Amino acid sequence: MQKKLKFKIVAICGLLAILIGLTGCANNSNKITIVGSSAMQLLAEQAGNDYRLSHPDSNIVVQGGGSGTGLSQVQAGAVEIGTSDVFAETQKGINAKKLQNHLVAVVGIVPIVNKSAGVKNLSKQQLSDIFTGKITNWKQVGGKNQNITVINRSKGSGTRGTFEGLILNGKKPIQAQEQDSNGTVRKIVSSTPGTISYISFPYANDENIQKLSIDGIKPTNKNVETNRWHLWSYEHMYTKGKPNKNVQKFIDYMLGSKVQNDLIPKLGYISINKMKVERDSNNHIVQK
């Protein structure tokens, strides 16, 4: 009797092991790794969490690292999706022809300062002069007598690429501390008097930071939609060639009404369908 019972227990344990193994294989086969833009990380993480609720067999992993990392990783075939704030064809070492571009959202970028600086608006020229080192004290732009500390983004950052392309116009930025995370930049600026940097709209929600207007234009999603506010970028999801069935299913979800109409505006991004203009990789704007 004991032998039969022992045999049944062993058989049941063996069956469970097989089932667990099959489940693990299924999860691995459905795994989608998303790496890249820190500006898009918030959206990708929340969308991934929501997607798992309705697709329990899915396994979505989201990481930051910057747009450059996302593009290089997807090109190498190391991840299924590389997220980026910039067009692949603008990045050295990236063969855009081998990648497929999926535009899923738009995000605004805003200069932020510690509130102690005493400024709320800068001209584009003043902003450029600060980030190239020509202006070094806030009193030079109507603020307090306080030295300016620039916090720049890491060189692989798509947000940095967009900011420098639209504000510095090819001028060399000042040597400064560099950070690759929107959250880290927000924390530093909110706690350090005299600091200035720039982050994506969804992260600019700290009471100790001041979002700056540029040439009197306020940083709002509505102004982004019409390009009155020029500092914005597309949120790209790149795949290496045509995505497989599971990846395409998730991208379709990102482009569907639940994400575009509900999640994207809730988090502070802009639906790709709301834009009144289009921008190409050379920053040329055309009306839709």
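Calculation notes
- Residues numbered from 1 in each chain as written.
- Predicted model: local features only at pLDDT ≥ 70, side-chain atom pairs only at ≥ 80, totals over all residues.
- Heavy atoms only, no water.
- Buried < 20%, exposed > 50% of the residue type's maximum accessible area, 1.4 Å probe, protein only.
- Helix = DSSP H or I, 4+ residues; strand = E, 2+ residues; numbered from the N terminus.
- Pairing = 2+ DSSP bridges.
- Core = buried A, V, L, I, M, F, W, Y, C linked by side-chain atoms within 4.5 Å.
- Contact = heavy atoms within 4.5 Å.
- Phe/Tyr/Trp six-rings, centres within 6.5 Å; stacked < 30°, edge-to-face > 60°.
- Lys NZ or Arg CZ within 6 Å of the ring centre and 35° of its normal.
- Right-handed = clockwise from strand over helix to strand, strands pointing away.
- pLDDT = per-residue confidence, 0-100.
- Salt bridge = Lys/Arg side-chain N within 4 Å of Asp/Glu carboxyl O.

Draft legend 1. Examining the pairing of strand E4 (residues 99-114) more closely. Of all 16 residues in E4, 13 are buried, a share of seventy percent or more. The pairing of E4 with strand E11 (residues 232-240) spans 9 bridges and is antiparallel. By the bridge assignment, Asn 101 is partnered in E11 with Tyr 238. Relative to strand E12 (residues 270-271), E4 runs antiparallel, the two sharing 2 bridges. Bridge pairing in E12 places Val 106 opposite Ile 270. Here 5 bridges tie E4 to strand E8 (residues 195-200), and the two strands are oriented antiparallel to one another. Bridge assignment links Val 110 to a residue of E8, and that residue is Ile 199. Relative to strand E9 (residues 209-211), E4 runs antiparallel, the two sharing 3 bridges. Bridge assignment links Val 113 to a residue of E9, and that residue is Gln 210.

Draft legend 2. The side chain of Gln 210, seen in detail. Within the element layout of this structure, Gln 210 appears in strand E9. The class for Gln 210 is buried, based on a relative accessible area of 19%.

Draft legend 3. Here's a closer look at the nonpolar core. In terms of nonpolar packing, the biggest core is built from 74 residues, with Trp 138, Ile 196 and Phe 250 touching the most fellow members. The leading source of residues in this core is E4, at 9 residues.

Draft legend 4. Up close: the side chain of Thr 159. Relative to the elements of secondary structure, Thr 159 occurs in helix H5 (residues 158-168). Not counting chain neighbours up to four residues away, the residues in contact with Thr 159 comprise Ala 39, Asp 85, Ile 109, Arg 153, Tyr 198 and Ser 200.

Draft legend 5. Structural context of the packing of aromatic side chains. This structure, assessed with the given rule, holds 9 aromatic pairs. Aromatic side chains Tyr 51 and Phe 250 sit 5.1 Å apart centroid to centroid with 80 degrees between the ring planes, which places their arrangement in the edge-to-face category. Of this pair, Tyr 51 sits in helix H2 (residues 38-54) while Phe 250 sits in helix H8 (residues 245-254); the two residues are 199 residues apart in sequence, bridging distant segments of the chain. There is no split in this pair, since Tyr 51 and Phe 250 are both buried. Taking the centre distance of 4.0 Å and the plane angle of 5 degrees together, the rings of Phe 163 and Tyr 198 count as stacked. You can see Phe 163 sitting in helix H5 and its partner Tyr 198 sitting in strand E8, a full 35 residues away along the chain. Taking relative accessible area as the criterion, Phe 163 reaches 0% and is therefore assigned buried. The lysine or arginine in question, Arg 279, covers the ring of Trp 232, its NZ or CZ lying 3.9 Å from the ring centre.

Draft legend 6. Molecular detail of the pairing of strand E1 (residues 31-36). Burial within E1 is extensive, with 5 of its 6 residues counted as buried. Where E1 meets strand E2 (residues 59-65), 6 bridges bridge the pair, whose relative direction is parallel. Directly across from Ile 32, in E2, lies its bridge partner Ile 60. Regarding the hand of the β-α-β motif, the stretch spanning E1, H2 and E2 is right-handed. Examined bridge by bridge, E1 and strand E3 (residues 81-84) share 3 bridges and lie parallel to one another. Its bridge partner being in E3, Ile 34 is matched across the sheet by Ile 81.

Draft legend 7. Main features of the confidence of the model for the protein. Overall, the prediction assigns the protein a mean pLDDT of 90, with 90% of residues at 70 or greater. Low pLDDT, under 50, characterises residues 1-26; the predicted model gives this stretch 0 contacts beyond four residues in sequence or across chains.

Draft legend 8. Layout of the pattern of salt bridges. Under the defined criterion, the tally for this structure stands at 3 salt bridges. Residue Arg 160 pairs with Glu 178 through a salt bridge whose shortest N-O separation is 3.0 Å. Of this pair, Arg 160 sits in helix H5 while Glu 178 sits in strand E7 (residues 177-179), and the two are 18 residues apart along the sequence. Residues joined by salt bridges that share partners form a network here, namely Arg 160, Glu 164 and Glu 178.

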